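Residues per chain, in single letters:
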Amino acid sequence: MKKLITVIAGIALLVLSACSSHQSLQEYYVDNSENPNFISLDVPTSILNLENEDLSETQKQALQSLKKLNLLAFKKTSENGAEYEVEKAKVNAILKNDNFVELMKLNSEYGKGVIKYLGDEDAIDEVIIYGSSDDKGFALIRVLGKDMNPAYIIQLMNAIQKSDYSGEGLGEIGQFLKG
């Protein structure tokens, strides 16, 4: 009987240790979507309103590979500075996961950021854009799609810059992202 209990306890310990204790990016979004310090928004890619733009064939393919955008932003105030540091550390820890492949780093007058992706190099399923500013807070954008290509993403960003889209339909998070 003791041997059976020892074996069961050993199996239970093995199963528990095999489970990951690291929070996923999706879990982080869900956990903070109701937090008053965060602004959360899920939007279809149609909000970009690029269908009427003069897009190249590559840009059209890029647009068709996108499904939706998940936006989560922490708006830093004088009252929530300590929580900002905690949340920023959590996001940085999640993004250090080996499953995320770094595409590029960003450094501008508005803050620092990084673009990472999940999936194969030629068939990306998720692009993560993360930017932070110690003055304003941070924004985390998940671009979800199917078989996205890094070159296509850059082409699409160029198309968005050339379009007259100025954040309509994004509400409070659009104002936050503009600065």
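In this convention, every chain numbers its residues from 1, walking through the sequence in written order. This being a predicted model, a pLDDT of at least 70 is required before a residue's local features are given, and a value of 80 or more before pairs of side-chain atoms are given or counted; all residues contribute to the totals for chains, interfaces and linings. Calculation of side-chain values draws on the structure's entire complement of heavy atoms; hydrogens and water are dropped beforehand.

### Quick notes on helix α3 (residues 57–65)
Argument step 1. For α3, the set of buried residues is Gln59, Ala62, Leu63 and Ser65. Mapping the buried residues of α3 onto a view down its axis gives an arc of 160°, with all of them on the same face. In this structure, α3 carries Glu57 and Gln64 as exposed residues pointing more than 90 degrees from its buried face. Each residue's exposure class comes from its accessible area (1.4 Å probe, protein chains only) as a fraction of the maximum for that residue type: buried when under 20%, exposed when over 50%, partly exposed otherwise. Secondary structure elements are defined from DSSP: runs of H or I of at least 4 residues count as helices, runs of E of at least 2 residues count as strands, and each element is numbered from the N terminus. Comment: arc refers to directions from the helix axis out to C-beta atoms.

### Examining a negative patch on the surface
Argument step 1. In this scheme, patches are assembled from residues that exceed 30% relative accessible area and form no salt bridge. Like charges are connected within 9 Å, while nonpolar side chains (Val, Leu, Ile, Met, Phe, Trp, Tyr) are connected within 5 Å. Note on areas: these come from Shrake-Rupley sampling with a 1.4 Å probe, and a residue is covered only by the protein chains present in the view. We define a salt bridge as a side-chain nitrogen of Lys or Arg found within 4 Å of a carboxyl oxygen belonging to Asp or Glu. Note that His is not counted, nor are the chain ends; the positive residues are Lys and Arg, and the negative ones are Asp and Glu. The location of each charge is read from NZ of Lys, CZ of Arg, CG of Asp or CD of Glu. Together, Asp120, Glu121, Asp122, Asp125 and Asp147 line one region of the surface with negative charge.
Argument step 2. Summarising the element assignment, Glu121 is placed in the loop between β4 (111–120) and β5 (123–133).

### Focus on the sheet that holds strand β6 (residues 137–148)
Argument step 1. Pairing is antiparallel across the open sheet formed by 6 strands, whose spatial order is β1-β2-β6-β5-β4-β3. For this open sheet the edge positions go to β1 (38–44) and β3 (101–108), each flanked by a neighbour on one side alone. Across this sheet, the average inter-strand angle for adjacent strands is 10°, counted without regard to direction.
Argument step 2. Pairing between strands is defined by DSSP: at least two bridges between the two strands are required. Relative to strand β2 (residues 66–75), β1 is paired through 7 bridges, and the arrangement is antiparallel. Looking at the pairing, Leu41 lines up with Leu71 of β2.
Argument step 3. The contact criterion used is simple: two residues touch if any of their non-hydrogen atoms lie within 4.5 Å. Inter-axis angles, ranging from 0 to 180 degrees, are taken between N-to-C directions of lines fitted to C-alpha atoms, where helices are fitted over the stretch in contact. Along the sheet, helix α2 (residues 25–32) contacts β1, β2, β5 and β6; its crossing angle with β6, the most-contacted strand, is approximately 130°.
Argument step 4. Together, β2 and β6 form the strand contacts of α3, whose direction differs from that of β2 by roughly 70°.

### Some words on the packing of α2 against helix α4 (residues 81–95)
Argument step 1. The contact between α2 and α4 brings their axes to 10 Å, and the two run at 155°. By the angle between their directions, the pair α2 and α4 is classed as roughly antiparallel. In this structure, α2 crosses over α4, and the sense of that crossing is left-handed. Contacts between α2 and α4 involve Leu25, Tyr28 and Asn32 on the former and, on the latter, Glu87, Lys90, Val91 and Ile94. By definition in this entry, angles of less than 35 degrees are roughly parallel, angles greater than 145 are roughly antiparallel, angles of 65 to 115 are roughly perpendicular, and the rest are oblique. Throughout, a crossing is termed right-handed when the near helix is turned clockwise from the far one, and left-handed when it is turned anticlockwise from it by less than a right angle.

### What to know about the packing of aromatic side chains
Argument step 1. Within 6.5 Å between ring centres, the rings of Phe, Tyr and Trp (the latter by its six-membered ring) count as paired, and their orientation is classed by plane angle as stacked under 30 degrees, edge-to-face over 60, tilted in between. All told, the structure shown has 7 aromatic pairs when counted by the stated rule.
Argument step 2. Geometrically, the ring pair formed by Phe38 and Phe138 is edge-to-face, given 6.0 Å between the ring centres and 70° between the ring planes. Taken together, the residues span a long stretch of sequence, with Phe38 in strand β1 and Phe138 in strand β6 at a distance of 100 residues.
Argument step 3. By relative accessible area, Phe38 is classed as buried at 6%.
Argument step 4. With 5.8 Å between their ring centres and 45° between their planes, Phe74 and Tyr84 make a pair best called tilted. Of this pair, Phe74 sits in strand β2 while Tyr84 is found in helix α4, placing the two residues 10 residues apart along the sequence. The burial state of Phe74 is the same as that of Tyr84; both residues are buried.
Argument step 5. Ring pairing ties together the aromatic residues Tyr28, Phe38, Phe74, Tyr84, Tyr130 and Phe138, which thus form one cluster.

### Examining the pattern of salt bridges
Argument step 1. Under the criterion given, the structure shown has 3 salt bridges.
Argument step 2. Salt-bridge contacts for Glu126 lead to Arg142; the nearest nitrogen and oxygen are separated by 2.7 Å. Of the two residues, Glu126 is situated in strand β5 and Arg142 in strand β6; the sequence distance between them amounts to 16 residues. Each member of the pair, Glu126 as well as Arg142, carries the same accessibility label: buried.

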